[in-house]
Amino acid sequence: MAHPDIPGDEPVPDGTRSTLSGTAADVVQARDISGGVHFHRPPAADSGVPRQLPRDVRDFVSRTVELDRLDRALLGAEPAGLTVVVGTAGVGKTALALRWAHRAVSRFPDGQLYVNLRGYDPGAPVTAEQALDRFLRALAVAPGRIPDDVEGKAALYRSLLAGRQVLVVLDNAAHIGQVRPLLPGGAACRTIVTSRDRLEGVLAHDGAHRITLETLPEADATTLIRALTADYRSGDEPADVTELARLCARLPLALRIAAERAASRPWMPLAELIGNLRDESRVWDELSAGTGEEHDGVRGVFAWSYRSFTPAAARMFRLLGLHPAAEFGTWVAAEAAGLPVATARVLLDALVGAHMLEQTAAGRYQFHDLLRAYATDSAHRDEPSGHRRDAVARILAWYLHTAHRVGTDMRHWGRILPPDALPAPATVPQFADRDAAVEWCQLEGPNLLAAIRAAGKSGLDTVTWQLGLAAEPAMHLMPADDRRAAVHVALAAARRDDARQGEGALLATLAEIERTKGRFDEAAARAGQALAIFRELDDRHGLRITLNFLGVILLHRRQFRRAVDRFENLRELQRVEGDIEGETAALFNLAEAYDGMRRHRDAVDAARDSVELGRELGNRHFELVGLILLARASANLGAVGEALADAARGVAIAQELRDTRTEGWALLDYGRIQRIAGRYEDALVSYRRALGMFSDSSVSQRRAWSLDGIGATHRESGRAGEAVPFHRQAVEVARAAEAPRVLGLVLANLAESLAAAGADDEAVPVRWEAASLLAQLDDPEAVERLEQIRRALP
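Asks: Just to check I follow, could you spell out the overall build of the protein chain for this structure?
Replies: Looking only at helices and strands, the protein chain features 35 helices and eight strands. Of all 794 residues assigned to the protein chain, the portion counted as buried reaches 59%. Counting contacts in the protein chain only where the partners sit at least 6 residues apart, residues at least 24 apart contribute 71% of the total. With an accessible surface of roughly 29,400 Å², the protein chain has 50% of that area assigned to carbon and sulfur atoms.

Asks: Looking at this model, I keep getting lost on the sheet that holds strand β8 (residues 364-366). Mind explaining?
Replies: Paired through backbone hydrogen bonds, the strands of a sheet run either parallel or antiparallel to each other. Taken together, three strands build an open sheet; the order of strands is β6-β8-β7 and the sheet is antiparallel. Each edge of the sheet is formed by a strand with only one pairing partner; in this case those strands are β6 (327-329) and β7 (358-361). Ignoring strand direction, the axes of neighbouring strands in this sheet form an average angle of 35°. Across three bridges, the pairing between β7 and β8 is antiparallel. In the strand pairing of β8, E358 is matched with Q366. Against the sheet, helix α13 (residues 330-337) makes contact with β6 and β8, and its axis sits at roughly 90° relative to β6, the strand it touches most.

Asks: Help me out: how do you make sense of the sheet that holds strand β5 (residues 209-212) in this one?
Replies: Taken together, five strands build an open sheet; the order of strands is β2-β3-β4-β1-β5 and the sheet is parallel. Both edges of this open sheet fall to β2 (112-116) and β5, since each of them pairs with a single strand only. Recorded for the sheet is a direction-independent mean angle of 15° between the axes of neighbouring strands. Summarising the sheet, strand β1 (residues 82-86) and β5 pair through four bridges and their orientation is parallel. Looking across to β5, one finds that V84 is bridged to R210. Sitting on the sheet, helix α2 (residues 93-103) is in contact with β1, β2, β3 (167-171) and β4 (190-195), with an inclination near 165° to β4.

Asks: How should I be thinking about helix α28 (residues 640-656) in this particular structure?
Replies: Note: α-helices contain 3.6 residues per turn, so residues at a spacing of three or four share the same orientation. For α28, spanning 17 residues, the distance from its first C-alpha to its last is 24 Å, which sits close to the expected 24 Å at 1.5 Å a residue. Inspection of α28 places V640, A643, L644, D646, A647, G650, V651, I653 and A654 among the buried residues, and these make up the whole buried set. Where the residues of α28 are buried, they touch α27 (620-637), α29 (660-676) and α30 (680-693). Immediately downstream of α28, the backbone of R658 shows phi near 55°, a positive value.

Asks: Quick question: what am I supposed to make of the nonpolar core here?
Replies: Considering soluble globular proteins, one finds that nonpolar side chains tend to be buried as a cluster. F317 and L467 are the most contacted members of the largest nonpolar core, which totals 225 residues. Excluding residues that lie within four positions of it along the chain, F317 makes contacts with Y306, F309, L351, M356, F367, L371, Y374, A375 and S378. Among the nonpolar cores identified, the runner-up in size contains 30 residues, and V84, L132, L139 and V141 belong to it.

Asks: Would you mind going over helix α15 (residues 369-382) with me for this structure?
Replies: With 14 residues, α15 extends 20 Å from end C-alpha to end C-alpha; this agrees with the ideal 20 Å at 1.5 Å per step. All of the buried residues along α15 are D369, L370, L371, R372, Y374, A375, S378 and A379.

Asks: How should the environment of V406 be read in this particular structure?
Replies: Relative to the assigned elements, V406 resides in helix α16 (residues 385-409). C-alpha separation for the pair V406 and Q430, spaced 24 residues apart in sequence, amounts to 7.6 Å. The contacts of V406, once residues within four sequence positions are left out, are F431, A437, W440, C441 and P473.

Asks: Teacher, can you tell me more about the pairing of β1 here?
Replies: Here is the key point about a regular strand: its side chains alternate between the two faces of the sheet. Summarising burial for β1: five of the five residues are buried, a large majority. Alternating residues of β1 divide into L82, V84 and V86 and T83 and V85, and every residue in both groups is buried. One ladder, built from five bridges, connects β1 with β4; its direction is parallel. Bridge pairing in β4 links V86 to S195.

Asks: Help me understand the packing of helix α20 (residues 480-496) against helix α21 (residues 500-516) in this model?
Replies: Angle between the axes and distance between the axes are the two parameters that describe a pair of packed helices. The N-to-C vectors of α20 and α21 enclose an angle of 160°; their axes lie 9 Å apart at closest approach. Compared by their axis directions, α20 and α21 come out roughly antiparallel. Crossing of α20 over α21 shows left-handed handedness. Residue-level inspection shows R483, R484, V487, H488, A490, L491, A494 and R495 of α20 in contact with α21, the latter providing G502, E503, L506, L507, T509, L510, E512, I513 and E514. When its residues are assigned to classes, the contact of α20 with α21 shows eight nonpolar, three polar and six charged.

Asks: Is there a simple way to explain unusual backbone geometry in this structure?
Replies: Across the chain, the bulk of peptide bonds are trans and the bulk of non-glycine residues have phi less than zero. The backbone of H355 sits at a positive phi, close to 60°, despite the residue not being glycine. Inspection of the secondary structure assignment puts H355 in the loop between α14 (341-353) and β7.

Asks: Mind showing me how you'd approach the confidence of the model for the protein chain here?
Replies: A low pLDDT score tells you not to read the predicted coordinates there in detail. Chain-level statistics for the protein chain give a pLDDT mean of 87 and a share of 90% at 70 or above. Ignoring residues within four places in sequence, the model shows residues 1-46, a span with pLDDT below 50, making 208 contacts including any to other chains. In this model residues 286-291 is a low-confidence stretch, pLDDT under 50, and it forms five contacts with partners more than four residues away in sequence or in other chains.

Asks: Looking at this structure, how should I read the pattern of salt bridges?
Replies: What the rule picks out here adds up to 54 salt bridges. Between D669 and R632 there is a salt bridge, and its shortest N-O distance comes to 2.8 Å. With D669 in helix α29 and R632 in helix α27, the pair connects residues that are 37 residues apart, well separated along the chain. The same class applies to D669 and to R632, which are both buried. Here R649 and D646 are joined by a salt bridge, their closest N and O atoms 2.4 Å apart. With a gap of three residues between them, R649 and D646 both fall in helix α28, about one helical turn apart. The class for R649 is partly exposed, based on a relative accessible area of 41%. One network of salt bridges, in which partners are shared, links E129, D133, R137 and K153.

Asks: Would you take a moment to explain the packing of helix α1 (residues 64-75) against α2 for this structure?
Replies: With their axes 10 Å apart at the nearest point, α1 and α2 run at an angle of 60° to one another. Relative to α2, the element α1 lies oblique. The hand of the α1/α2 crossing is right-handed. Contact with α1, carried on its side by E66, L67, L70, D71, L74 and L75, involves L96, R99, W100 and R103 of α2 and no other residues of that element. Looking at the contact of α1 with α2, its residues break down into six nonpolar, no polar and four charged.

Asks: How do you make sense of the packing of aromatic side chains when you look at a structure like this?
Replies: Note on aromatic pairs: each is described by the distance of the centres and the angle between the planes. Inspection of the entire model under this criterion finds 13 aromatic pairs. Measuring from centroid to centroid gives 5.1 Å for W398 and Y399, while their planes differ by 80°, and the two rings are edge-to-face. By the burial criterion, W398 is buried, and Y399 matches it. Taking the centre distance of 6.2 Å and the plane angle of 55° together, the rings of W398 and W440 count as tilted. Of this pair, W398 sits in helix α16 while W440 is found in helix α17 (residues 434-457), placing the two residues 42 residues apart along the sequence. Of the residues examined, W398 reaches a relative accessible area of 3% and is grouped as buried. The exposure class assigned to W440 is buried, which follows from its relative accessible area of 2%. Feature note: the residues F302, Y306, F309, F317, F328, Y365, F367 and Y374 constitute an aromatic cluster, connected by ring pairs.

Reading guide: rules and limits
- Residues numbered from 1 in each chain as written.
- Predicted model: local features only at pLDDT ≥ 70, side-chain atom pairs only at ≥ 80, totals over all residues.
- Heavy atoms only, no water.
- Helix = DSSP H or I, 4+ residues; strand = E, 2+ residues; numbered from the N terminus.
- Buried < 20%, exposed > 50% of the residue type's maximum accessible area, 1.4 Å probe, protein only.
- Contact = heavy atoms within 4.5 Å.
- Areas by Shrake-Rupley, 256 points an atom, 1.4 Å probe, with all protein chains shown as cover.
- Pairing = 2+ DSSP bridges.
- Axes fitted to C-alpha atoms, helices over the stretch in contact; angles between N-to-C directions.
- Expected span 1.5 Å × (residues − 1).
- Core = buried A, V, L, I, M, F, W, Y, C linked by side-chain atoms within 4.5 Å.
- Parallel < 35°, antiparallel > 145°, perpendicular 65-115°, else oblique.
- Left-handed = near helix turned anticlockwise from the far one by under 90°.
- Nonpolar A, V, L, I, M, F, W, Y, C, P; charged D, E, K, R; others polar.
- pLDDT = per-residue confidence, 0-100.
- Salt bridge = Lys/Arg side-chain N within 4 Å of Asp/Glu carboxyl O.
- Phe/Tyr/Trp six-rings, centres within 6.5 Å; stacked < 30°, edge-to-face > 60°.

Below is the structure:
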């Protein structure tokens, strides 16, 4: 279940104070990680210069005309900026794009982005939003800074690429919708798209250049076969090599598989191998309706290679066709086949060596879409139905129990129900630190979504809803729409399964998703449904979590008096129940509510208690949030020295955790306290750092506060003229965010700076607009600022 007591880190409308820099609820992430690890990750690369190109193709032949055309189209005197390479399946579109990209890599010093959009894969294609999410991470955008919506992602992506020399390769696009949001806006970038479709709309609207890739000429096809077999065979008759190329429809994908088969049997005459291939092609023709000579040639080669495998390798190949996604790791492959990891690795190497599977990284593999379809067909044809069901169950069990381990090791405070729908596999990893678990979540997140969908379609309701809950830590790193869709699938399964506790937990998760989008009414309604279920079940833990969540909604709505009542009662309840984490969360939420009511001494006491409990728990996130709230309240009491020290410690913890969103939130408070202390240059540094962390539309209110803080710092240090442009930018951001409270407060600050700069006439209408907005609010800060404005009005 989500953390209803500790909302996620997305900003929400009307949830941030100009002087108090926002609510703790916006930044807390209660997913710390502990335990011993056997899940390793490469060193973090945070340079912002992506190098995503897959490795170049070995023994690439010919295509000189097409490579020259790519040179002219993308690097010539009048470059198109966008080139689409089209052609039939298996003709070598990806190989051509990658060969050119590797040749031209020095022309793109700011990086190369690559995504396989899987537009023709038997499973779900990669959406433009998912691809943008991956690109932004590759461009060193922290997960907390990535907008929720595709428009926001695309805007940030274009902003980051503006003026940079970056090559973007969009592989296997099926339609315009996958492509257009991924096109850079800058003139220095170049994009290559590969597709089986002609993508007429991209050509017409975006001025793309198109290159149509045909099958290899006969001479080039035979040259490729000879290049791939030269170290293993000699003396093959030219006519036999030509016939083999013809049977492969002169498609590079099929030619490579056939050549590998020939190379692995150097003693067998090529004519005999060709006879076997003809036989397999005839078998394939009898088993399928076919979709044209080229596809029939490819499938015949697939069957020829598949029949040559050892029984164990053939079984591994077809069972992998049952995996819910095209890309996967060694461990889940071992589970699919029910084999030890070491044995599975040997079989996977055999499939890679036969070009029936591609290795993309250490321990990671993927299918070409045609090969995945063939593997799935082979599983349904050659594997007994009971064996297929067992393989799918083992795959789903691995995802279920590994995701559950992530939540447990992260000490996820919420509804962690036992994953008893399927027995635990032997290969579940453990995670020693936060980075290792996040790495796994990022790697396997799309596969978890695919597993939830697959379980739902298979009618495995208990598995589906348990996966939906177990996958939540990973889903927090995914686009909100993907997360919402997966939870809806799981919720429907829980209702069919009459799993009331699971239903309540999933409703709470949906409430959290709505809260992060600023949809407080919808969030409260979902939480209310969850609360009713937990009361029905007498589930006291679920009740406490949901009550805390509803208290956080009160904080967002700035109903501080009601929030104080809620959290005071909840703190006592958590203490009686012995839930220390719940008590800690209630305490820092209570500190937030006290401070909103101007009960700063009570806020200091509650925040200090939350810091102590957070340290007792070893929960660094709880500790840092408590420290920032403690610093905030201390500064409001005039204890500026203590506030500076506590805020600095909180910022340092956020940096240690590499949690940029929480760091940005903390920096807003730190900057304010530095202003109070008269440390204006330090305050500017804090606000500017925060501004860099809030550069996208999903955190627009905090971006407004960062700009407003820079302006206020300039005014307070005697540079009112320099302050005005920053306040104006803050007003523009707040207005675009449709946040009336934020807009009213930044307008008030703009008016102060205008007056301080001697522009009194210009300040008057700004004050009137600010007053009209703040008059609609009743929280203490809005009331105080409104009174100040009225005194200044003529």
